[in-house]
Amino acid sequence: MKFIFVLILFTICSCDVTSNQQENKKENKLEKASLEKETYELIKVIKNCANEGISSFNMEFLKSSDKNLPNSIVNQYLMNVPIDNEKDLKLTIDEWTKYSCMQWEENKENFFFTLLQEDDTCCSIMYLVVLDKKEDLFQIRTLGISGGDGGWHQNDKGIKLDFGKFKLITESTLDTDIFEKDVSNSYLRIKEYGEFQLNFENNKFTLDTLVFKKDSIIKKSN
């Protein structure tokens, strides 16, 4: 009698476990289908907004597109995605900032597109966004910056090597006033030059330093 009771209890538990597993699988399938639908919808928006084919660029001469990505799209899909894997660094939406649709390209697994962020206070920033067509994978990587503020100036270039691969060249200067008896008659200029290779492989970005130089010089003020 005890054996029969244990057998019945085991059968009930097994049914519960099986039922829970089936329910979890169903929920996972629905969630995956929802994510794939969202990815497809975003890809459709970008293809209608940007130009096909991601190319090399020079941030100094880069012209913004006449098509902006609506703030509603940025808010829905991209606002919570960390930039450069920095959890506290994300895209912002405000009255001074706009995002221009630039270029896109794709293969069987991934869809890439570039966005140009511009604001009225400082800089232009080029971002590369990658979508995995089958999974919930959104990544955003900084490609280049151009602009200046308060003695700092930077301009970057990008040479397209292959799908998801770039050689990035960055040049920046930072001028700091030197005071003598509360009077500034010269300034310290720090110059940085770097060459890097950005690769997207195995669903992640890697950045290798090829060249990096840092120089400083004192110059007389005009």
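None of these values were measured; they are calculated from a predicted model.

Criteria and thresholds
Here the residue index of a chain counts from 1 through its sequence in written order. Where totals are concerned, whole chains, interfaces and linings use all residues; where local detail is concerned, this predicted model gives features only for residues with pLDDT of at least 70, and gives and counts side-chain atom pairs only at 80 or more. As a convention, hydrogens and water are excluded, and side-chain values are obtained from all of the structure's heavy atoms. To qualify as a helix, a DSSP run of H or I must reach at least 4 residues; to qualify as a strand, a run of E must reach at least 2; elements of each kind are numbered from the N terminus. For each residue, the accessible area found with a 1.4 Å probe, counting protein chains only, is set against the maximum for its type, and the residue is called buried under 20%, exposed over 50%, and partly exposed in between. Here, residues are in contact when the closest pair of their heavy atoms is within 4.5 Å. Two cysteine sulfurs form a disulfide in these notes if their separation is within 2.5 Å. Here, the arc refers to the directions that run from the helix axis to the C-beta atoms. Buried residues of nine kinds, namely Ala, Val, Leu, Ile, Met, Phe, Trp, Tyr and Cys, make up a nonpolar core once their side-chain atoms join them within 4.5 Å. The way it works is a 1 Å grid over only the protein atoms, where trapped points that fit a 1.4 Å probe form a cavity and open points with protein on both sides within 12 Å along at least five of seven lines form a pocket, and then any residue with an atom within 4 Å of a point lines it. Grid points are joined across faces, edges and corners, and a volume is the space filled by probe spheres set on the points. Classification used: nonpolar for Ala, Val, Leu, Ile, Met, Phe, Trp, Tyr, Cys and Pro, charged for Asp, Glu, Lys and Arg, polar for all others including Gly. Any Lys or Arg side-chain nitrogen located within 4 Å of an Asp or Glu carboxyl oxygen qualifies as a salt bridge. For two strands to pair, DSSP has to find at least two bridges joining them.

Quick question: what am I supposed to make of the overall build of the protein here?
Along its length, the protein carries two helices and 10 strands. Element order for the protein, N to C, with α for helix and β for strand: α-β-β-α-β-β-β-β-β-β-β-β. Each of the 222 residues in the protein was classed as buried or not, and the buried ones make up 33%. A separation threshold of at least 6 residues defines the contact pool for the protein, and within that pool the share at least 24 residues apart is 50%.

When you look at the state of the cysteines in this model, what are you seeing that I'm missing?
Two cysteines joined by a covalent bond between their sulfur atoms form a disulfide. Taken as a whole and judged by the stated rule, the model has two disulfides. Here C49 engages in a disulfide with C101; their sulfurs sit 1.8 Å apart. One disulfide, between C49 and C101, carries an S-S torsion of 90° and so falls in the right-handed class. With C49 in helix α1 (residues 2–49) and C101 in strand β3 (residues 97–106), this residue pair connects regions lying 52 residues apart in the sequence. The two residues C49 and C101 agree in class, both being buried. Covalently, C122 is tied to C123 through a disulfide, its sulfur atoms 2.0 Å apart. Cysteine pairing in the protein follows 1-2, 3-4, where each cysteine in a disulfide is numbered by its order in the sequence.

Explain helix α2 (residues 71–78) here, please?
When α2 is considered as a whole, its buried residues turn out to be I73, V74, Y77 and L78. End-on view of α2: buried residues confined to an arc of 100°, all on one side of the axis.

Looking at this structure, I do not really get the environment of S172. What am I missing?
Following the sequence through the fold, S172 ends up in strand β8 (residues 165–180). Taking the C-alpha atoms as reference points, S172 and G147, 25 residues apart in sequence, are found 9.6 Å from one another. Other than its neighbours up to four places away in sequence, S172 contacts W152, H153, Q154, I190, K191 and E192.

Teacher, can you tell me more about the nonpolar core here?
Looking at soluble globular proteins, one finds that nonpolar side chains tend to be buried together. Within the largest apolar cluster, 26 residues are counted, with the highest numbers of intra-cluster contacts made by I46, L69, L78, L91, F113, L131 and I140. Looking at this core, the elements that each hand over two or more residues are α1, α2, β3, β4 (110–119), β5 (123–132) and β6 (138–149). A total of five residues in this core trace back to one element, the largest contributor, which is β5. Here F113 is in contact with I46, I54, L78, Q103, W104, Y127, L128, V129 and L131, once residues within four sequence places are set aside.

Sorry, what's going on with the layout of surface pockets here?
One water molecule sets the probe size; rolling that probe over the atoms shows where empty space is left. A volume near 260 Å³ is recorded for the largest pocket. L143, Q154, D156, T170 and F196 are the residues nearest the centre of the largest pocket, which is lined by 18 residues in total. Elements that contribute at least two residues to the lining of the largest pocket include exactly β6, β7 (152–162), β8, β9 (183–201) and β10 (204–220). Per element, the largest residue contribution to the lining of the largest pocket is five residues, and it comes from β6. Considered class by class, the residues forming the lining of the largest pocket number eight nonpolar, six polar and four charged.

Honestly, the pattern of salt bridges in this entry has me stumped. Any pointers?
Opposite charge on two side chains permits pairing when their charged atoms draw close. Scanning the model with the defined rule gives nine salt bridges in all. For K167, the salt bridge goes to E195, with nearest N and O atoms at 3.4 Å. Of this pair, K167 sits in strand β8 while E195 sits in strand β9, and the two are 28 residues apart along the sequence. Judged by its relative accessible area of 14%, E195 falls in the buried class. A salt bridge links E192 to K214, with the shortest nitrogen-to-oxygen separation between them at 3.7 Å. In this pair, E192 is assigned in strand β9 and K214 in strand β10, connecting sequence segments 22 residues apart. Taking relative accessible area as the criterion, E192 reaches 28% and is therefore assigned partly exposed.

Quick question: what am I supposed to make of the pairing of β3 here?
The two faces of the sheet receive side chains in turn, since in a regular strand these alternate between them. Of all the 10 residues making up β3, eight are buried; the element is thus mostly covered by neighbouring parts of the structure. One ladder, built from two bridges, connects strand β1 (residues 51–52) with β3; its direction is parallel. By the bridge assignment for β3, N51 is matched with Q103. Note that β3 and β4 share eight bridges and pair antiparallel. The residue bridging C101 from the neighbouring strand is L115, located in β4. In this antiparallel pair of consecutive strands, β3 and β4, the connection spans three residues.

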